[in-house]
Amino acid sequence: MKGHLHPKNNVTINPSGNESILDVIGRVSMKRRRFITTTAAATAATVFSDIAISGFLQTVEAAPVPAGLGFGGIGFESIQPNLLNEATGLLEKDLVTVPKGYTARVLVAWGDPIMPGAPDWLPDASQDAAAQEKQFGMNTDGMHFFPLPGSGYLNRTKGLPVPVEGRAYNNRGLLCVNHEYTQEIFLHPTGNTSDAEMTIEKARKTQAAHGVSVVEISKFGWSGLFSIDRSGKSWSVDRNSRYGRRITGNTEMRVSGPAAGDALMKSKKFSIQPNGSFEIGINDGYTAYGTLNNCAHGITPWGTYLTAEENFQGYFANRTFSNDQADDVNNDVLANLGLEGKKADIVNGQRRYGIPTSSGYRWPVVDPRFDAFDNPLEPHLFGWMVEIDPYDPNSKPVKRTSLGRIRHESAQYVVDDNNRLAYYTGDDNVNEYIYKFVCSRQYNPNVRSANRDLLDHGTLYVAKFNDDGTGNWLPLVYGQGGLTPANGFNSQAEVLIKTRQAADRVGATMMDRPEWIAERPRIGGFNEVEVYCALTNNSRRGTTPSSVNNPDGTTPGGSSRPPVDAANPRESNIYGHIIRWRETGRSVASTTFSWDIYVLCGDRQDNDPNRKGNINGDHDFVAPDGLWFDYYGRLWIQTDQSGTGTGTLRNIGSNSMVCANPNDPREIKLFLSSPTDCEVTGVITTPDHKTMFINIQHPGSRGSVANPTSRSNWPHSQGYGPQGRPRSATVVITRDDGGIIGE
């Protein structure tokens, strides 16, 4: 989720003569065998369909899982990593590479048309915001495949799919794809490197390249709106689809849940026009415009898409931070809302979430909506989970405030045996927290409409990992745990708007950049509620001078230097690790859990014992980011390091995707390697597991305006589209024999 221009850690190397990481882990009393044994017999089972959208469309075909505690095995041989070519300073291959017997093809790339009236992409980047609003967005990240039945199963009056009991649709569907951020040097013909170069036209195009794309795809060709050419064998995009849609940085959205309508959500209201944003009053607190920095994602079991708003802070600027003049914040809006006494608190909140003094995107220069000095409440409208119905192109996205306001990284749902529904999400910043939201009502798998507002009611928790291998979910509830007016929390709305400060107050465990979260499928004799979280890195962990987040919520985001602990046991953790936990009693509503560290990432050839990790599989990997369990129990792990193959990455090479055995982290195989300067992110398959989709983000990000392809010419190097500049894209992967991916 990071290019070299995107917010990142201050990576340092901190050699130490202290005990090794394995010594630290050895002191934790809970043994790994607690996580790889079970009393249930290992038997073949069919995959449970809630992994996709059960209750609306049957999406997973019955398939046996061989005995082995719910793990179907890894059936391919590891590929070789894509290492640096010393002569060129680039990686050996400017390609997406997959194992023998597999084929990777580019499906859709930044700028491709995805809806009626959209123009083709122009390699000189000369198209404007109006064109980009109908084209595939930039820098793909999380995504999901939503199956569509054939044309004979459409409700002609509403254009919505009709459920058909027992059917799985594998050859046609909707891809919902996140677009996290933009590379200004490629998006605009002349780049965007200074305030003097900034224009409202550039801002509007950049805003249009953010958000989410809904793309209709088919394994067959298209000869008309409802006419399918079944002679085709490759996946393609229907550029005239009625479902094709762009949700951007300016799309109108509804705000729901406890924070909706609160005074702290009533920012200035603007008329957003191509030539500027014009102030027209005060927002009602139930409306927001745009979704930004859409990193990872989630889905609901009733068939909607959740997009996570992550590093939203970088689009705003508050110029007073440079001289600490908190009282100079424009008071007009605050006075009108009776918030005169909240100025310092609002400014401290901006610091806690990392609002800078100047924006790298430079939007505040030309768009007053993003000036956090004159419009101090606008940042409160970002940092939420946004629900989108891909099957209804006329539906309005909804910002669900019950899940808290943080730099969200994914949202993994779990439905337990009692139909209790919970979501797990990480806050992607060093020294932040892991959260769980438990719905107050049960999920109804039989009536889709009964779940419409399920995400507005429930309890948000934050995790505390104890040194003995146990943990507690601490409720973030107004009036409990010090979340009182005396400590700056005057309502549940305020607890959720200030989620980070609330987690500081209750004493949650500071983690090493919590990113994607995944639930292990309960199949093949495995029946625990077991959840995994990628902790990408934290170069500040265990460094000096030691400090922790202040309980009063005044610590600027990412600035602490916490000591090592059992859950984050490495100093200057540049390589990252994966942690996992099991809910007590197999219930998502439990407030206690047990945990261990699944794997410590590292390089076995590194001389520092604290950086070797404990991987003994075919391939070392570092900086875990994307996590996804397939329907056969395989864990797919994607990485987020610089992608250069230089320095500490000389033995690792490019970013990659590996496949792992949840029962034995030493069984890891390298499935995919990537081009230079890019990240591998987003992974999902069709219900039959015979087609996989992954995303390549920010290829060639260290190129230049004068020479965009100096670092990478991908995807043109993969045989897709005209050359001119690198393009993020979605890749489709199939087995040459038509078999199941990974088997």
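Residues numbered from 1 in each chain as written. Predicted model: local features only at pLDDT ≥ 70, side-chain atom pairs only at ≥ 80, totals over all residues. Heavy atoms only, no water.

A.B. asks: Pulling in residues and values, what's your account of the overall build of the protein chain?
C.D. replies: A count of helices and strands for the protein chain gives 10 helices and 38 strands. Counted over contacts in the protein chain with a minimum sequence separation of 6, partners at least 24 positions apart contribute 70%. With an accessible surface of roughly 24200 Å², the protein chain has 48% of that area assigned to carbon and sulfur atoms. (Helix = DSSP H or I, 4+ residues; strand = E, 2+ residues; numbered from the N terminus. Contact = heavy atoms within 4.5 Å. Areas by Shrake-Rupley, 256 points an atom, 1.4 Å probe, with all protein chains shown as cover.)

A.B. asks: I'd like to hear about the side chain of His 297, residue by residue, with values.
C.D. replies: Position of His 297 among the secondary structure elements: in strand β17 (residues 294-299). Of note is the side chain of His 297, whose polar atom sits 2.9 Å from the backbone oxygen of Met 143. Beyond its immediate chain neighbours, meaning those up to four positions away, His 297 contacts Gly 142, Met 143, His 144, Asn 178, Tyr 305, Leu 306, Ala 308, Ser 410, Ala 411 and Trp 516. (Polar contact = N/O pair within 3.5 Å; in protein donor to acceptor, adjacent residues only side chain to side chain.)

A.B. asks: Before we move on, could you go through the confidence of the model for the protein chain and cite the residues and values that matter?
C.D. replies: A low pLDDT score tells you not to read the predicted coordinates there in detail. When pLDDT is averaged along the protein chain, the result is 88, and 85% of the positions lie at 70 or above. Note that residues 151-166 has pLDDT below 50 and, in this model, 38 contacts with residues that lie over four places away or in other chains. Note that pLDDT drops below 50 for residues 222-232; the model gives that stretch 20 contacts with residues more than four away or on any other chain. (pLDDT = per-residue confidence, 0-100.)

A.B. asks: Which residues make up the packing of aromatic side chains, and what values do they have?
C.D. replies: Inspection of the entire model under this criterion finds 32 aromatic pairs. Between the aromatic rings of Trp 110 and Trp 121, the centroid separation amounts to 5.6 Å while the plane-to-plane angle is 65°, which identifies the pairing as edge-to-face. In this pair, Trp 110 sits in the loop between β3 (102-109) and α3 (129-132) while Trp 121 sits in the loop between β3 and α3, placing the two residues 11 residues apart along the sequence. Like Trp 121, Trp 110 is buried. Put simply, the rings of Tyr 315, Phe 316, Tyr 361, Trp 363, Phe 370 and Phe 382 touch in pairs and so form one group of aromatic residues. Above the plane of the ring of Tyr 353 lies Arg 405, whose end atom (NZ or CZ) is 4.1 Å from the centre. When the ring centre of Phe 526 is taken as reference, the NZ or CZ atom of Arg 520 above it lies at 3.9 Å. (Phe/Tyr/Trp six-rings, centres within 6.5 Å; stacked < 30°, edge-to-face > 60°. Buried < 20%, exposed > 50% of the residue type's maximum accessible area, 1.4 Å probe, protein only. Lys NZ or Arg CZ within 6 Å of the ring centre and 35° of its normal.)

A.B. asks: I'd like to hear about the sheet that holds strand β38 (residues 729-735), residue by residue, with values.
C.D. replies: Strand pairing in a sheet relies on backbone hydrogen bonds. The paired strands run either parallel or antiparallel. Strand order in the open sheet made by the 4 strands is β3-β38-β37-β36, with antiparallel pairing throughout. Where the open sheet ends on each side, the last strands, each with one partner, are β3 and β36 (679-685). Within this sheet the neighbouring strands show an average axis-to-axis angle of 25°, counted without direction. The sheet contact formed by β3 and β38 spans 7 bridges and is antiparallel. Counterpart to Ala 109 in the pairing with β38 is Ala 729. (Pairing = 2+ DSSP bridges. Axes fitted to C-alpha atoms, helices over the stretch in contact; angles between N-to-C directions.)

A.B. asks: Quick rundown of the environment of Phe 382? Include the residues and the values.
C.D. replies: One can find Phe 382 in the loop between α8 (363-366) and β19 (385-388). Separated by 17 residues in the primary sequence, Phe 382 and Lys 399 place their C-alpha atoms 8.7 Å from one another.

A.B. asks: Hey, could you go over helix α7 (residues 343-352) for me, with residue numbers and the actual values?
C.D. replies: Among the residues of α7, Lys 343, Ile 346, Val 347, Gly 349, Gln 350 and Arg 352 are the ones counted as buried. The positive-phi residue at the C-terminal boundary of α7 is Gly 354, with phi of around 85°.

A.B. asks: Which residues make up helix α5 (residues 200-209), and what values do they have?
C.D. replies: Counting buried positions along α5 yields 9 of 10 residues, so the element is predominantly enclosed. Among the residues making up α5, those that are buried are Ile 200, Lys 202, Ala 203, Arg 204, Lys 205, Thr 206, Gln 207, Ala 208 and Ala 209. Phi turns positive one or two residues past the end of α5, at Gly 211, with a value near 100°.

A.B. asks: Please provide a residue-by-residue account of the sheet that holds strand β35 (residues 664-673), values included.
C.D. replies: An order of β32-β33-β34-β35 is seen for the 4 strands of this open sheet, with the pairing classed as antiparallel. The outermost strands of the open sheet, each flanked by one partner alone, are β32 (624-629) and β35. For this sheet the average axis-to-axis angle between neighbouring strands, irrespective of direction, equals 25°.

A.B. asks: Describe empty space enclosed by the protein, naming the residues involved and giving the relevant values.
C.D. replies: Counted under the stated rule, the structure contains 6 cavities of 30 Å³ or more. Looking at the second largest cavity, its volume works out to about 80 Å³. In terms of lining, the second largest cavity is formed by Leu 264, Asp 345, Ile 346, Gly 349, Gln 350, Tyr 353, Pro 379, His 380, Arg 405, Ile 497, Lys 498 and Gln 501. Among the elements that line the lining of the second largest cavity, the one with the most residues is α7, at 4 residues. In the lining of the second largest cavity, the residues fall into 5 nonpolar, 4 polar and 3 charged. (1 Å grid on protein atoms, 1.4 Å probe; cavity = no way out; pocket = protein on both sides within 12 Å on 5 of 7 lines; lining within 4 Å. Points joined across faces, edges and corners; volume = space filled by probe spheres on them. Nonpolar A, V, L, I, M, F, W, Y, C, P; charged D, E, K, R; others polar.)

A.B. asks: Give a detailed account of the pattern of salt bridges, specifying residues and quantitative values.
C.D. replies: This model, assessed by the stated rule, comprises 44 salt bridges. Asp 371 serves as the salt-bridge partner of Arg 319, at 3.1 Å between the closest nitrogen and oxygen. A residue pair is termed long-range when its members are at least 10 positions apart, and Arg 319 in the loop between β18 (305-309) and α6 (332-336) and Asp 371 in the loop between α8 and β19 qualify at 52 residues. Relative accessible area serves as the criterion here: at 44%, Arg 319 is assigned to the partly exposed category. Three or more residues joined by partner-sharing salt bridges are found here, namely Arg 352, Asp 427, Glu 432, Arg 500 and Asp 504. (Salt bridge = Lys/Arg side-chain N within 4 Å of Asp/Glu carboxyl O.)

A.B. asks: How would you sum up unusual backbone geometry? Please name residues and give values.
C.D. replies: Cis geometry marks the peptide bond from Thr 544 to Pro 545, where omega comes out at -5°. For Pro 545, the position within the fold is in the loop between β29 (530-535) and β30 (577-583). The peptide bond linking Trp 714 to Pro 715 adopts the cis configuration, its omega dihedral lying at 10°. Inspection of the secondary structure assignment puts Pro 715 in the loop between β37 (691-697) and β38. For Arg 586, which is not a glycine, the phi torsion comes out positive at approximately 55°. The residue Arg 586 is located in the loop between β30 and β31 (592-600) in this model.

A.B. asks: Give me the pairing of β35: which residues, what numbers.
C.D. replies: Of all 10 residues in β35, 7 are buried, a share of seventy percent or more. Bridging between strand β34 (residues 656-661) and β35 involves 6 bridges; their strand directions are antiparallel. When the sheet's bridge partners are listed, Met 657 is paired in β35 with Leu 672.

A.B. asks: Break down the pairing of strand β25 (residues 458-465) for me, with residues and values.
C.D. replies: Pairing between strand β24 (residues 434-439) and β25: 5 bridges, direction antiparallel. Directly across from Val 438, in β25, lies its bridge partner Thr 459. Sheet topology places β25 next to strand β26 (residues 470-475); 5 bridges connect them, and they run antiparallel. When the sheet's bridge partners are listed, Val 462 is paired in β26 with Leu 474. Joining the antiparallel neighbours β25 and β26 is a turn of 4 residues, in which Gly 469 adopts a positive phi near 85°.

A.B. asks: Give me the environment of Thr 646: which residues, what numbers.
C.D. replies: Turning to its location among the elements, Thr 646 is positioned in the loop between β33 (635-639) and β34. Assessed through its relative accessible area of 37%, Thr 646 is described here as partly exposed. Taking C-alpha positions, Thr 646 is 8.7 Å from Leu 83, a pair spaced 563 residues apart along the chain.

A.B. asks: Describe the environment of Gly 458, with residues and values.
C.D. replies: Within the secondary structure, Gly 458 sits in strand β25. It is 10.0 Å that separates the C-alpha atoms of Gly 458 and Pro 258, two residues lying 200 residues apart in sequence. If sequence neighbours within four positions are ignored, Gly 458 has contacts with Phe 437, Val 438, Cys 439 and Ser 440.

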